[in-house]
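# Examination of the molecular architecture
Take a look at the letters that make up each chain.
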Amino acid sequence: MPEPVTLTIDDMRLSAAPGTTVLEAALAAGIYIPHLCHHPDLKPVGVCRLCMVDVAGRGMVLSCLAPVEQGMVVRTESPQIHKVRRTAAELLVLNHRADCLSCGKNNRCELQRIAAYAGVDPERLGRMRRRVKSLPVDDSNPFFRYDPNQCVLCGICVRTCDEIVGVNALDFAFRGFNTMVSTFGNVPIVESACVSCGECVARCPVEALLPKKVQPPAREVKTICPYCGVGCSIHLGIRGGRIVGVRGDADSPVNQGRLCVKGRFGHDFVNHPDRLTSPRIRKNGEFVEASWDEALDLVARKLAEHRGAFAAMASAKCTNEENYLLQKFTRQVMGTNNVDHCARLCHSPSVAGLAQSFGSGAMTNTIEDIAGAACILAIGTNTTAAHPVLALKIKEAVRRGATLIVANPKQIDLARHAGLVLRHRAGSDVALLMGMMRVIVDEGLADEAFCNQRCANFDALEKSLRGFPLDFAEQTTGVPRDVIAQAARTFATSKPATILFAMGITQHTHGTDNVLAVSNLALLTGNVGKPSSGVNPLRGQNNVQGACDMGTLPNVFPGYQKVDNPEVRLRFEAAWGSPLSGSPGLPMTEVFGAISAGAVKAAYIMGENPVLSEADAHHVEASLRRLEFLVVQDIFLTETARLADVVLPAATFAEKDGTFTNTERRVQRVRKALEPAGDSRSDWWIIAEIARRMGADGFSFSHPAEIMEEIAGLAPSYRGISYERLDNGGLQWPCPSPDHPGTPILHTERFATPDGKARFLPLQYKPSAELPDDEYPFVLTTDRSLFHYHTGTMTRRTAGLEKLDGCELLRIHPQDAGRLGIADGETVRLCSRRGTVTVQADVTEVCPPGMVSMTFHFAETPTNVLTHAALDPVAKIPETKVCAVRIETCTE
């Protein structure tokens, strides 16, 4: 580490790291130097001229641009400096609203503070003012407005959108006095490339960019965002029993204060009038409100009648503690391992595949690690839409010189930042990745030392690669062989290299094979167990990793301990005081068939909406209607809840304590900021109360911290985790003891296999289960919107998000639209062998010819009535990324 630099500022002797600017050194020491264009997240530009200081032997310099030097002597105040600063401040105010110095609208305006510090005289300015800006205010965005009349052209918003967000929605336009911050073509912000993340709003020093809902909070509560698996730390601003604002936690190692549009603005659902506020019981075909005693007694009595013929669906949106209790209830009280959750629909192949290869099915590295990679392969992930804050790390890596390889059938936004784009056919991932590996092996680019020392079964992989010559890879994927070879060479020779993937890899009948191909590639190039490398499945929901960790899977107890292992089972039986089944339960995707067969007669669904989220949704709904008893526990009366016999009102993330585990295995505290709406209750309390009423022991908890203590006693990877430790920051598992710091990078010395070595797995190419034909000539794939989440239960109750994305769209290539006579915006019918929906066409080159895509956020257009329920034989995930469809005009 280089020696610190010693300097003197205003007679104070300081030490600073080399490369620190004088301004940064002064501010760190508590010495105020006025500045308006400086922000610690951004490169210094020195345009405001306010931070002038005097350096001995050099004269006046801009402190934001001057690096500290050994022995430097700096003065921040003098008559000459004061004069320069006052002049600079006057020029800024002259370009601002006339009433700025006395407006008193908000204490956010840094210009007011600077003007007062510099001694700007309002009367003198009034005499100097010749012309006042009178430009239209851009009010188009539902969450914030832009008033160019308040803008002082500091450039922070422009630089934020460029250097941090990587969208470049804003820039300087026009010249001279007419210069202004504008979108491209000066269109309204809502029509521009803006992603509404609010990063520019959060940094604007003069309120030119201001949230539309401006109400100072009475208090703030630190917690975790309830949306994607990134796990951003946030501060909820609370006033009058409502959330009035959200800001990112600048100290978080996950997001460093940055947020996406949902994380910053998408919390209206918490106080929405649609919230369930009391239990409901179906009587004579209609719901009636009931007391908690009546509802819980009924649930306990009816479930007692169906022990052994029961299935539970846990939730990736609920806390670790709540998921732990539901699987415990299912196993201890109901006598079955029929418990599962939505990981079955997203990353069950990641768990299954990586467990085979590495011995552990989780993200190997940290989110922060991504920024240090020399090469990033992003395959099957639409990261800017599904994991926007994590995508900022990808863009940061590219700015640092990394090569980004994007492999995706669609022309996703991330491809704009890529050095190489592979648009392979949907479902051809194994052929693409094995073709790359064939090149790496044939050209001697494999990391032989790593393969020999840390891996096993290389010969089997090498033999299977013979079935993937480049001609076959090109024919199968549609990617030119030269491009496949270029991607292979780039990935193999750029160290460190990391692989990011999501549901474009997993949601296939060969999803486990796809994951094995990913792990094979990482092992072959020696990119596991090292910083900025690894295999990194990006989890889709806020606690899907935690729900897996907690054992809400039919074959494992908490900590991925197999239910059919007698030693493990004995340990849990001793802890819970009950005999437990050693037979793995049914995965969620097979439960619906078991209902139809009469093997499952009662079900408990916590915080999930399978009527919209499951493939072949008509079959799912029909199965749920056959149940003798259905309990749904949720915050809204969802499409699934409408089928229930009893609906139990749950608390939102903002109304309870607990923990979430993010995609990088970081366990973080969720803190109660509000009282639950009406008479709703935390999920953990509801489950425990039902268990007690059914005569079960071991459910007498008074706080989630006590549940975490029980988890730590049974799950080895959580043994060192407690609320006391988490209050000082998150911990990444495995954390095997109370003094363990957590594990940022997995497999640094050995893999989690019996012999400590990773396994290469030989693979064969398997086509998707349902391919286009003459009757159904298009491939439908599913995707996600930046502005919505899962089945829209929460995001569609935020009006601003609805304004930004208010209906389902069928994305179709212009060539296909032209051939079918479909105009942009026209309503069409989309048909598969399982169902039909009507949807508005979006004619775009995002999809290649022959492919169309939709999300599944909109109940009015239930995409999953179309999708195929064919399962991966290992992970039991349905193939929602590929199904055959036909497009009809509504005049046919």
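Above this text sits the structure in question.
Figured I'd write up the structure that's included with this text. The structure presented is a predicted model; accordingly, all values stated were derived computationally and were not measured.

When its secondary structure is counted, the protein shows 30 helices and 37 strands. Here the C-alpha atoms of the protein give a radius of gyration of 29 Å, agreeing with the 29 Å that 2.2 N^0.38 yields for 892 residues. Taking all 892 residues of the protein together, the buried fraction comes to 62%. A separation threshold of at least 6 residues defines the contact pool for the protein, and within that pool the share at least 24 residues apart is 72%. Counting every atom, the protein has about 32600 Å² of accessible surface; 50% of that belongs to carbon and sulfur.

Applying the stated criterion across every chain, the model contains 53 salt bridges. The salt bridge involving Asp679 is made with Arg681; its shortest N-O contact spans 3.1 Å.

As a further point, take the sheet that holds strand β1 (residues 5–9). As summarised here, the arrangement of the five strands in space is β2-β1-β5-β3-β4, forming an open sheet in which the pairing is mixed. Pairing within the sheet leaves two strands with one partner each, and these edge strands are β2 (12–16) and β4 (59–62). On average, each strand axis in the sheet is tilted by 35° relative to the strand beside it, whichever way the strands run. Pairing of strand β3 (residues 52–55) with strand β5 (residues 73–75) involves two bridges; the strand directions are antiparallel. If you follow Val55 over to β5, its bridge partner there is Val74. Along the sheet face, helix α2 (residues 79–94) touches β3, β4 and β5 and points at about 155° away from the line of β3.

Let's shift gears to the side chain of Ser464. Among the secondary structure elements, Ser464 is positioned in helix α16 (residues 458–465). A distance of 2.8 Å separates the side chain of Ser464 from the backbone oxygen of Leu461, its partner in a polar contact. Leaving out residues up to four positions away in the same chain, Ser464 has contacts with Met434, Pro762 and Leu763.

Let us now look at the packing of helix α17 (residues 470–477) against helix α18 (residues 481–493). Contact pair α17 / α18: the axes reach a minimum separation of 9 Å and the direction vectors enclose 110°. Classified by the angle their axes make, α17 and α18 are roughly perpendicular. Mapping the contact onto sequence places Leu470, Asp471, Ala473, Glu474 and Thr477 in α17 and Arg481, Ile484 and Ala485 in α18. Across the contact of α17 with α18, the residue classes tally to four nonpolar, one polar and three charged.

For the rest of this paragraph, the subject is the pairing of strand β13 (residues 280–283). Sheet faces and side chains relate simply in a regular strand, where the side chains alternate between the two faces. Here β13 pairs with strand β14 (residues 286–289) via four bridges, running antiparallel. The residue bridging Ile281 from the neighbouring strand is Val288, located in β14. Between the end of β13 and the start of β14, which pair antiparallel, lie two residues, with Asn284 showing a positive phi angle near 55°. Bridge count between β13 and strand β27 (residues 646–649): two bridges; the pairing is antiparallel. The residue of β27 that forms the bridge with Arg280 is Val647.

Further remarks concern unusual backbone geometry. Between Lys495 and Pro496 the backbone carries a cis peptide bond, its omega angle lying at -5°. Following Trp733, the chain continues to Pro734 via a peptide bond in cis, the omega torsion being 0°. With respect to the helices, strands and loops of the structure, Pro734 is situated in the loop between β30 (731–732) and β31 (758–759). One non-glycine residue with positive phi stands out, namely Asn284, at about 55°. With respect to the helices, strands and loops of the structure, Asn284 is situated in the loop between β13 and β14. Unusually for a residue other than glycine, Tyr560 sits at a positive phi of about 65°. Checked against the element boundaries, Tyr560 lands in the loop between β23 (556–557) and β24 (561–562). Its relative accessible area of 26% is what places Tyr560 among the partly exposed residues.

Before going further, it helps to spend a moment on the sheet that holds strand β28 (residues 658–661). With antiparallel pairing, three strands are arranged side by side in an open sheet as β28-β29-β30. Taken across any chain shown, the strands that pair with only one partner, and hence form the sheet edges, are β28 and β30.

In this structure the tally under the stated criterion is zero disulfides. Just so you know, Cys64 is unpaired, no disulfide at all, and the nearest cysteine sulfur is the one on Cys51, 3.7 Å from it. Note on Cys228: no disulfide assigned, nearest cysteine sulfur contributed by Cys232 at a separation of 6.2 Å.

Moving on to the nonpolar core. The biggest cluster of nonpolar side chains holds 58 residues, and the ones touching the most others in it are Leu303, Leu325, Phe329, Tyr604, Leu648, Ile690 and Tyr718. Element by element, the count of residues in this core is highest for helix α8 (residues 292–304), at seven residues. Not counting the four nearest positions on each side in its chain, Phe329 is found in contact with Leu303, Phe310, Met334, Ile687, Ile690, Ala691, Met694 and Phe699. Membership of the second largest hydrophobic core comes to 53 residues, among which are Leu354, Leu461, Ala488 and Val515.

Moving on: the environment of Gly71. Tracing the backbone through its elements, the reader meets Gly71 in the loop between β4 and β5. As a C-alpha pair, Gly71 and His235 span 164 residues in sequence and 41 Å in three-dimensional space.

This brings us to helix α3 (residues 110–118). Three or more residues of α3 are buried, namely Glu110, Leu111, Ile114, Ala115 and Ala118. Burial along α3 is one-sided: seen end-on, the buried residues are contained in an arc of 135°. Buried residues along α3 sit in contact with α2. Positive backbone phi, at 75°, marks Gly119, one or two positions downstream of α3.

Turning our eyes to something else, we now look at the pairing of strand β33 (residues 809–812). Both β33 and strand β35 (residues 836–843) contribute to a ladder of four bridges, which runs parallel. The partner of Leu809 across the bridge, within β35, is Gln840. Both β33 and strand β36 (residues 851–854) contribute to a ladder of two bridges, which runs antiparallel. The residue of β36 that forms the bridge with Ile812 is Val852.

Further remarks concern helix α26 (residues 683–693). Because an α-helix completes one turn every 3.6 residues, residues spaced three or four positions apart along the sequence face the same direction. With eight of its 11 residues buried, α26 lies for the most part within the structure. Among all positions in α26, only Asp683, Trp684, Ile686, Ile687, Ala688, Glu689, Ile690 and Ala691 are buried. On its buried face, α26 sits against α8, α9 (320–333), β25 (602–606), β26 (629–634), β27 and α27 (704–714). Positive backbone phi, at 85°, marks Gly695, one or two positions downstream of α26.

Counted according to the given criterion, the structure contains 17 aromatic pairs. On the numbers, 6.3 Å between centres and 80° between planes, the contact of Phe310 with Phe329 is edge-to-face. Pair noted here: Phe310 is in strand β15 (residues 310–313) and Phe329 is in helix α9, with a separation of 19 residues, a long-range link. Comparing Phe310 with Phe329, the two get one shared label, buried. Between Tyr560 and Trp733, the aromatic rings sit 6.3 Å apart at their centres with planes inclined by 40°, giving tilted as the arrangement. Linking Tyr560 in the loop between β23 and β24 with Trp733 in the loop between β30 and β31, this pair joins segments that are 173 residues apart in sequence.

Moving on, we get to the packing of α8 against α26. Axis angle and axis distance: for two packed helices, these are the angle between their axes and the distance between the axes, and together they describe the pair. Following both chains from N to C, one finds α8 and α26 inclined at 60°, their axes separated by 9 Å at the closest point. It follows from the interaxial angle that α8 and α26 lie oblique. As α8 packs across α26, the resulting crossing turns out to be right-handed. In this structure, α8 contributes Trp292, Asp293, Leu296, Asp297, Val299, Ala300 and Leu303 to the contact, and α26 contributes Trp685, Ile686, Glu689, Ile690 and Arg693. In terms of residue class, the contact of α8 with α26 is built from eight nonpolar, no polar and four charged.

So, how was this worked out
Residues numbered from 1 in each chain as written. Predicted model: local features only at pLDDT ≥ 70, side-chain atom pairs only at ≥ 80, totals over all residues. Heavy atoms only, no water. Helix = DSSP H or I, 4+ residues; strand = E, 2+ residues; numbered from the N terminus. Rg over C-alpha atoms; globule rule 2.2 N^0.38 Å. Buried < 20%, exposed > 50% of the residue type's maximum accessible area, 1.4 Å probe, protein only. Contact = heavy atoms within 4.5 Å. Areas by Shrake-Rupley, 256 points an atom, 1.4 Å probe, with all protein chains shown as cover. Salt bridge = Lys/Arg side-chain N within 4 Å of Asp/Glu carboxyl O. Pairing = 2+ DSSP bridges. Axes fitted to C-alpha atoms, helices over the stretch in contact; angles between N-to-C directions. Polar contact = N/O pair within 3.5 Å; in protein donor to acceptor, adjacent residues only side chain to side chain. Parallel < 35°, antiparallel > 145°, perpendicular 65-115°, else oblique. Nonpolar A, V, L, I, M, F, W, Y, C, P; charged D, E, K, R; others polar. Disulfide = S-S within 2.5 Å. Core = buried A, V, L, I, M, F, W, Y, C linked by side-chain atoms within 4.5 Å. Arc of directions from axis to C-beta. Phe/Tyr/Trp six-rings, centres within 6.5 Å; stacked < 30°, edge-to-face > 60°. Left-handed = near helix turned anticlockwise from the far one by under 90°.

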